[in-house]
Amino acid sequence: MKHAFQVQVGPVAFRIGSAWRQPVDALERLYRAYPKPRGICDYTVRLEPARPWRKWLRPSVMIAGDFTLPEAAPLPLPLGLLAAEMGMNLQLALGERRFLLLHAATVERDGRALILTGESGAGKSTLATLLGSDGWRFMGDEFALIEPETGLAHPFPRPSSLKNESIAEAMAVIDPAQFGPLLANTPKGDIRHVVPSAHALGAMGKPAAPALILFPRFGLSEAARPVPPSEAFVRLTQASTNYVTLGERGFSALTNLVEGIPSVALDYPDMPTARRMIEDLWSAL
């Protein structure tokens with residue numbers, strides 16, 4: 001395509017082509033601290049007009065690439081950055097075979113990884129972003145990449161995607177220079193990305209051994225209960241985009257993960273409470 005951008009995020013390299021310059025400029029700004037791929041990219045995303053005339057008349061962006069969802073609705077050009085991010089997620093979700101993918105956020109401390117997974121609105125992105133600004137290494141907020149052969153979690157530290165009220169909460173404690181542009185009135189409300197710290201980006205090649213799985217739920221009274229491996233296994237199969245595709249490798253990787261480390265369901269009313277509960281659980285490992 002006429003305009004192109006490439007980026008390396010952990011073990012994954014992307015090439016994004018666009019019919020417009022604006023999304024590529026936004027990607028260049030947001031990912032300015034990330035390295036460029038050294039070889040051929042793993043996945044390609046294309047941002048193209050829904051119809052030829054929609055490049056100029058009420059421009060709308062369709063997400064295409066190695067993998068597509070034909071029924072996906074186009075986004076207006078001002079949300080081209082969001083379309084690019086969604087396209088990157090789509091390629092990895094449908095195409096990845098090296099790692100077991102879990103829809104989860106991950107942070108690391110002392111070589112051990114904490115995995116947070118739950119339904120949309122559970123607060124995992126916000127928690128990972130805030131923890132990443134306060135003594136933890138941010139490893140990603142969209143996918144946890146579990147290597148089946150070793151059980152290690154590999155970093156995938158794309159800029160975290162914060163929504164609505166969580167934006168102001170993060171801006172109160174994180175350097176404004178780390179924030180991307182405000183994307184207003186998206187299908188999920190207001191969105192703003194937070195670029196990980198230099199430490200997190202510098203350690204993109206360092207995996208960590210999972211030590212704890214949390215299933216957070218926001219807006220509830222404080223409570224924590226152990227989750228047995230059988231329940232954790234079922235929950236994580238539902239949180240994985242490629243568990244079935246990996247077959248026996250996926251089954252073995254997920255079995256070893258849930259049998260090897262504790263899992264806890266965590267209900268919390270606000271972020272300070274959640275962070276205190278996480279620190280208490282981590283200290284008790």
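Residues numbered from 1 in each chain as written. Predicted model: local features only at pLDDT ≥ 70, side-chain atom pairs only at ≥ 80, totals over all residues. Heavy atoms only, no water.

Chemist: Account for the pattern of salt bridges, naming residues and giving values.
Modeler: One pass over the full model with this rule turns up 13 salt bridges. Between E149 and R249 there is a salt bridge, with the nearest N and O atoms lying 3.2 Å from each other. With E149 in the loop between β10 (143-146) and β11 (153-154) and R249 in helix α8 (residues 248-260), the pair connects residues that are 100 residues apart, well separated along the chain. Note on E149: relative accessible area 58%, which makes it exposed. A salt bridge links R217 to D267; the nearest nitrogen and oxygen atoms lie 3.0 Å apart. Note that R217 is positioned in strand β15 (residues 209-218) and D267 in strand β17 (residues 263-268), a separation of 50 residues in sequence. Owing to a relative accessible area of 12%, D267 belongs among the buried residues under this scheme. Via salt bridges that share partners, R225, E231 and R235 belong to a single interconnected network. (Salt bridge = Lys/Arg side-chain N within 4 Å of Asp/Glu carboxyl O. Helix = DSSP H or I, 4+ residues; strand = E, 2+ residues; numbered from the N terminus. Buried < 20%, exposed > 50% of the residue type's maximum accessible area, 1.4 Å probe, protein only.)

Chemist: Tell me what's going on with the side chain of D267, and back it up with residues and numbers.
Modeler: Polar contacts involving the side chain of D267 include one to the side chain of R217, which spans 3.0 Å. Leaving out residues up to four positions away in the same chain, D267 has contacts with R217, L220, S221, E222, A223 and M277. (Polar contact = N/O pair within 3.5 Å; in protein donor to acceptor, adjacent residues only side chain to side chain. Contact = heavy atoms within 4.5 Å.)

Chemist: Tell me about the pairing of strand β14 (residues 189-194), residues and numbers included.
Modeler: Looking along a regular strand, one sees side chains alternate from face to face of the sheet. Where strand β12 (residues 160-163) lies against β14, four bridges are found, and the strand directions are antiparallel. For L162, the partnering residue across the bridge sits in β14 and is R192. Pairing of strand β13 (residues 183-186) with β14, which is carried by two bridges, proceeds in the antiparallel orientation. Paired with L183 across the two strands is I191, which belongs to β14. Once β13 ends, the chain turns through two residues before running back antiparallel as β14. (Pairing = 2+ DSSP bridges.)

In short, the description is geometric, and any link to function would need to be established separately.
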